[in-house]
Amino acid sequence: QRALVWFRRDLRLHDHAALYHALKQSREVCFAFIFDKSILQDLPADDRRLRFLHASVLELQQLLRTRGGELIVRYDAAESAIPTLVHELGIDAVFVNRDYEPAAIARDQRVATQLQAQSCAFLDDKDQVIFEQNEVLSQSGTPFSVFTPYKNAWLKKFYAEGSDFYARAYPSDAYCQQLQAPLRSEVPGLAEMGFAASLDEDLKIASGVSGAEALCEAFLPRLNHYDVRRDYPSVKGPSYLSVHLRFGTISIRQLVRHALEAIRTQASSGAETWLSELIWRDFYFMILHHHPRVVQHAFKPIYDAIQWEQGAQADQHFAAWCSGNTGYPLVDAAMRQLNQSGYMHNRLRMVTACFLIKDLGIDWRRGEAYFAQKLLDFDLAANNGGWQWAASSGCDAQPYFRIFNPITQSEKFDADGKFITRYLPQLARLDKKSLHAPWKAAPMLLQQAGIKLGENYPYPIVEHDVARQQTLSRYAVVKNPA
Ligand code: FAD
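Described below are features of the structure shown in this document. (Residues numbered from 1 in each chain as written. Predicted model: local features only at pLDDT ≥ 70, side-chain atom pairs only at ≥ 80, totals over all residues.)

## Some points on the overall build of the protein
Definition in use: The secondary structure listing takes helices from DSSP runs of H or I that are at least 4 residues long and strands from runs of E that are at least 2 residues long, numbered from the N terminus. The globule rule is 2.2 Å times the number of residues to the power 0.38, and the radius of gyration it is compared with is taken over C-alpha atoms. Here contacts are defined at the residue level, using C-beta atoms placed from the backbone and a cut-off of 7 Å between them.
The number of helices and strands found in the protein is 22 helices and five strands. For the protein, the C-alpha radius of gyration of 24 Å lies close to 23 Å, the compact-globule estimate for 482 residues. Its C-alpha atoms give the protein principal-axis dimensions of roughly 75 × 55 × 50 Å. Within the protein, counting contacts between residues at least 6 apart in sequence, those at least 24 apart form 75% of the total.

## Describing the site of the ligand
Short version of the rule: In this analysis, residues qualify as near a molecule or strand once their C-beta atom, positioned from backbone atoms, comes within 6 Å of it. When residues are grouped by polarity, Ala, Val, Leu, Ile, Met, Phe, Trp, Tyr, Cys and Pro land in nonpolar, Asp, Glu, Lys and Arg in charged, and all others, Gly among them, in polar.
With respect to spatial proximity, 27 residues lie near the ligand, and among them P238, S239, S242, N383 and G386 are the closest. Among the secondary structure elements, those contributing two or more residues to the shell around the ligand are α11 (242-247), α13 (269-290), α16 (346-359) and α18 (380-391). For the shell around the ligand, the leading source of residues is α18, giving six residues. Of the residues that constitute the shell around the ligand, the class distribution is 15 nonpolar, six polar and six charged.

## Brief notes about the sheet that holds strand β1 (residues 2-7)
The strands making up a sheet associate through backbone hydrogen bonding, with each pair oriented either parallel or antiparallel. Spelled out, the test is: Strands pair, by our definition, only if DSSP identifies at least two bridges between them. Note on definitions: angles span 0 to 180 degrees between N-to-C directions of axes, and those axes are lines fitted to C-alpha atoms, for helices only across the stretch in contact.
The five strands lie next to each other as β3-β2-β1-β4-β5, forming an open sheet whose pairing is parallel. Sheet topology places β3 (71-76) and β5 (121-125) at the edges, where each strand pairs with a single neighbour. In this sheet, neighbouring strand axes are inclined to one another by 25° on average, regardless of whether the strands run parallel or antiparallel. When strand β4 (residues 93-97) meets β5, the two strands line up parallel, connected through five bridges. Looking across to β5, one finds that V94 is bridged to F122. Sheet strands touched by helix α1 (residues 17-25): β1, β2 (28-36), β4 and β5. Its angle to β4, the strand with the most contacts, is close to 155°.

## What to know about the nonpolar core
Basically, it comes down to this: Remark: nonpolar core denotes a set of buried Ala, Val, Leu, Ile, Met, Phe, Trp, Tyr and Cys residues whose joining runs through C-beta atoms within 7 Å. A residue is called partly exposed when the number of other C-beta atoms within 10 Å of its own lies between 12 and 20, exposed at 12 or fewer, and buried at 20 or more, with C-beta atoms placed from the backbone.
In this structure, L4, V5, A32 and V94 are the most contacted members of the largest nonpolar core, which totals 131 residues. The dominant element in this core, judged by the number of residues it contributes, is α13, at 10 residues. Ignoring sequence-local partners within four residues, the contact set of V94 consists of L4, W6, I82, V86, L115, C120, F122 and L123.

## Details of α1
When you tally the buried positions in α1, you get seven out of nine residues, the bulk of the element. For α1, the secondary structure elements touched by its buried residues are β1, β2, β4, β5 and α8 (172-175).

## A few points about unusual backbone geometry
Positioned with a positive phi, D15 is a non-glycine residue whose angle comes to about 50°. One can find D15 in the loop between β1 and α1. Judged by C-beta crowding, with 23 C-beta atoms within 10 Å, D15 ranks as buried. Of note, the phi angle at A267 is positive, near 45°, even though the residue is not glycine.

So, in structure tokens, the structure goes:
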């Protein structure tokens, strides 16, 4: 029996379902990663994610080599590369961890069909989530569409059926001590694949399993304070592990075990809140599985009837939002954080998304696509869920008439402007009260702070109170959804 482990969103050796099963069941195991041309061709040459991915693949190669193995890396379309490798290496079974995005599911089905014709099995396992697909259902056996009852059912199943079982680690690393390498393979350079070379300082979050472990270790002492600190973007509150969950350089079970440990030993409310965020992640994967139409459409169909702003002014507003030039400092600082680092704090994702949709009246799908392009941790399920939440069109979304006020959000969550001035240093000398809405400041204060509105910081592109009224009428079409 010769097996192939095809790494995708799971770039680690420890606690890895597919790797564990392959090593347990097969005498010889080969390893492959494909830089998939059909995905890469749509990315810009300076795509930050690809640099993160590339560095993480290089580290995985090193980890395998220290155990005598070799990661066979190809720059090709996965649909042809995998069947070719199966043929060349005489593989009997390909092991993968299950993917939940519609395009990936379709690709896997096509690969599996090709492999069947080659008498090679295609075996997929759950690895990315704790509970998937139909594992958490309502009492009537239907999928949940509201988070809280889903979470309650998730926790009930988790604790009743054995948290140790669901969060247990696959001892995959222990099995891969003496691997064999059928052939030598080098990881193609970024330039070879048509991408800009990596600039380390550009990646503000360290890549690979080493980066994930370092972040996790740094976060654990903060875990107990997560519930009180997570909403303030200038504070190190969250874990910053999302990109590692995205590329699987850390296992979800490992994170859940950390949360459980803190809940058990310290009754940590921080850990409980954090576990709840990890459950949101499962929730959105589940929603995507049951409702793949959310990729293009509102979860609640009636919201597809909303008429969004279009034309030159909407395009100008969209460009100002993308570049962080709306005149609302919290929104602008957040967009600059995204553009500069590929990360945006969760509170700010909510604020900027609501601003685009409800202050600028722009279709949430345009914002979703921009985030998808820029976020290092871009994940179709969570991103779509987050955007539909902000648009009030999703499952368990905020009510459409609850519209974030970008100024009060700013006063509440960045009261002293620490976050704002990190990304908008030109506002640093403005007093803390005026910082949240500079155009309201007395001209003398602006002058003293060296701010010339329209020159070194923009006037607001819309007036929130007016925009709010427009949004309420725009959303009138959904007033009484069925
Ligand atoms: P922590 O606060 O440390 O949370 C731990 C983990 O829980 C995260 O890494 C993430 O995997 C998960 N998580 C936390 N909040 C959520 C949530 N609301 N939904 C789903 N999972 C969650 N998250 C992504 O991973 N990718 C995205 O593309 C993405 N797009 C978003 C778009 C919008 C408009 C909004 C409102 C939220 C989005 N989120 C997305 C969710 C959330 O903002 C990020 O997961 C979080 O900010 C990542 O930072 P962290 O790892 O420090 O999170």
